[in-house]
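# Structural characterization, general
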Amino acid sequence: MLLQYLRQHRTGLLAAALCAGIFAVCFALYDLPLGAVLYPALLCLLTGGVLLTVGYLRALRRHRAMLESRKAALLAQLPEPRTVAEADERALVEALREQLLAQQSASDEKLRNMTEYYTVWAHQIKTPIAAMHLTLQNEDTPSARRLSAELFRVEQYVEMVMTYLRLEPGSSDYVFRACALDGVIREAVKKFSHEFIDRRLRLDFEPTGLTVVTDEKWLGFVLEQVLSNALKYTRQGGIRIGLSAPRVLCIADTGIGIAPEDLPRIFERGYTGRTGRIDRRASGIGLYLCRRVCERLGVGISAQSEPGRGTRVFLDLEQYELHAE
């Protein structure tokens, strides 16, 4: 409860610390004695600590009152015991309810800790990735290009972890703006340019000329995941990007395709199907995340495929009417 309260008021705490730092710097610039700086700072910290404690105690009282209210409401639904056996049963129900609440609280705490751990890990892993990129920039050899491509895939996996964490209910990391669809496509394609060149795969991009209201970052994530899958399972030929209908974007490849029995389930979490048995690295998470993100963006996503004849992924950009913020 205390950690949650501090997280809720972290903006105010940071602002107070920043103001204290500004005052300390200003006093120091005027060569005031150290006591003249520390004394008012300690008074401010003491006052802020008292106010924070009072606010926390009030929030704690409200929290406990709400829990007691919920407890009373649940107990009120049970009939009053008329015998010793019914009283024992009521006590057993109450004990089980308390046990369930304790287990739920422990589960929520475990989920919060896991989320915080993976968030920190995802940010920390970006430092060695950036260092490896800088090292490989100085080399222009086939092996260096292959390593750069694999390093880019590592970055994608890290981004998938962050996306998975951000998809928790209540997330508000979305900013809808009118943007040029062709620009988002080009940015996504540019990240795979080395792979297209090294593997001698053809790219056929027909500009759409569309302006869409969406979150550019999240739509770019979907495009990158679809392109990554297309490249992963395309040995020869190429990839075509263009419109299949007035506001439906199609990304088609000439890869191994998807079995008919697997096609209805490719957007399920963890489902890999026959392809997963061919490529053991398949996780079944990429397209699941695409579906979840598309739901948030108001974009329809679907696929058509034939084994040995490639796959076509469709993004319906007029499924819902959205407005720029």
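Residues numbered from 1 in each chain as written. Predicted model: local features only at pLDDT ≥ 70, side-chain atom pairs only at ≥ 80, totals over all residues. Heavy atoms only, no water.

A count of helical and extended segments in the protein gives 10 helices and 7 strands. The 325 residues of the protein split such that 31% are buried. Taking the intrachain contacts of the protein between residues at least 6 apart in sequence as the baseline, contacts between residues at least 24 apart amount to 66%. Summed over all atoms, the accessible surface of the protein reaches about 20900 Å², with 60% contributed by carbon and sulfur. (Helix = DSSP H or I, 4+ residues; strand = E, 2+ residues; numbered from the N terminus. Buried < 20%, exposed > 50% of the residue type's maximum accessible area, 1.4 Å probe, protein only. Contact = heavy atoms within 4.5 Å. Areas by Shrake-Rupley, 256 points an atom, 1.4 Å probe, with all protein chains shown as cover.)

Between helix α6 (residues 181–190) and helix α8 (residues 216–232), whose axes approach to 9 Å, the crossing angle comes to 50 degrees. One finds that α6 runs oblique with respect to α8. The element α6 and its partner α8 pack so that their crossing is right-handed. Taken together, the residues of α8 that come into contact with α6 (itself represented by Leu181, Val184, Ile185, Ala188 and Val189) are Glu216, Leu219, Gly220, Leu223, Glu224 and Leu227. Looking at the contact of α6 with α8, its residues break down into 8 nonpolar, 1 polar and 2 charged. (Axes fitted to C-alpha atoms, helices over the stretch in contact; angles between N-to-C directions. Parallel < 35°, antiparallel > 145°, perpendicular 65-115°, else oblique. Left-handed = near helix turned anticlockwise from the far one by under 90°. Nonpolar A, V, L, I, M, F, W, Y, C, P; charged D, E, K, R; others polar.)

Attention now moves to the pattern of salt bridges. Applying the stated criterion to the full structure yields 7 salt bridges. Its salt-bridge partner being Glu268, residue Arg265 comes within 3.1 Å of it at the nearest N-O pair. Accessibility expressed as a relative area gives 38% for Arg265, which makes it partly exposed. For Glu268, a relative accessible area of 34% gives the class partly exposed. Of the charged contacts in the structure, one is a salt bridge between Glu306 and Arg309, with a shortest N-O distance of 3.5 Å. Classification of Arg309 by relative accessible area gives exposed; the value is 62%. (Salt bridge = Lys/Arg side-chain N within 4 Å of Asp/Glu carboxyl O.)

What follows deals with helix α10 (residues 286–297). When the terminal C-alpha atoms of α10 are compared, their 16 Å separation across 12 residues agrees well with the 16 Å that a helix rising 1.5 Å per residue should span. On its buried face, α10 sits against α5 (142–166), β3 (211–214), α8, β6 (300–305) and β7 (311–316). At the C-terminal side of α10, Gly298 shows a positive phi close to 75 degrees. (Expected span 1.5 Å × (residues − 1).)

Below, the discussion takes up unusual backbone geometry. Glycine aside, negative phi is the norm for most residues, and most peptide bonds take the trans geometry. A positive phi is found at Arg200, a non-glycine position, where the angle reads about 55 degrees. The residue Arg200 is located in the loop between α7 (193–198) and β2 (202–205) in this model. Given a relative accessible area of 73%, Arg200 falls into the exposed group.

What follows concerns the pairing of β7. Pairing of strand β5 (residues 248–253) with β7 involves 5 bridges; the strand directions are antiparallel. Note on β7: the bridge partner recorded for Ile251 is Val313. As paired strands, β6 and β7 are joined by 6 bridges and run antiparallel to one another. If you follow Ser305 over to β7, its bridge partner there is Thr311. If you look at the hairpin formed by β6 and β7, you'll find 5 residues sitting between the two strands, and Gly308 has a positive phi there, around 80 degrees. (Pairing = 2+ DSSP bridges.)

Our focus in this paragraph is the packing of α5 against α10. Look at α5 against α10: their axes get within 11 Å of each other, and the N-to-C directions meet at 40 degrees. On the basis of the axis angle, α5 is oblique to α10. In the packing of α5 onto α10, the handedness of the crossing is left-handed. Between α5 and α10, the contacting residues are Met160, Thr163 and Tyr164 on the first element and Gly286, Tyr288, Leu289 and Val293 on the second. A class-by-class count of the residues in the contact of α5 with α10 yields 5 nonpolar, 2 polar and no charged.

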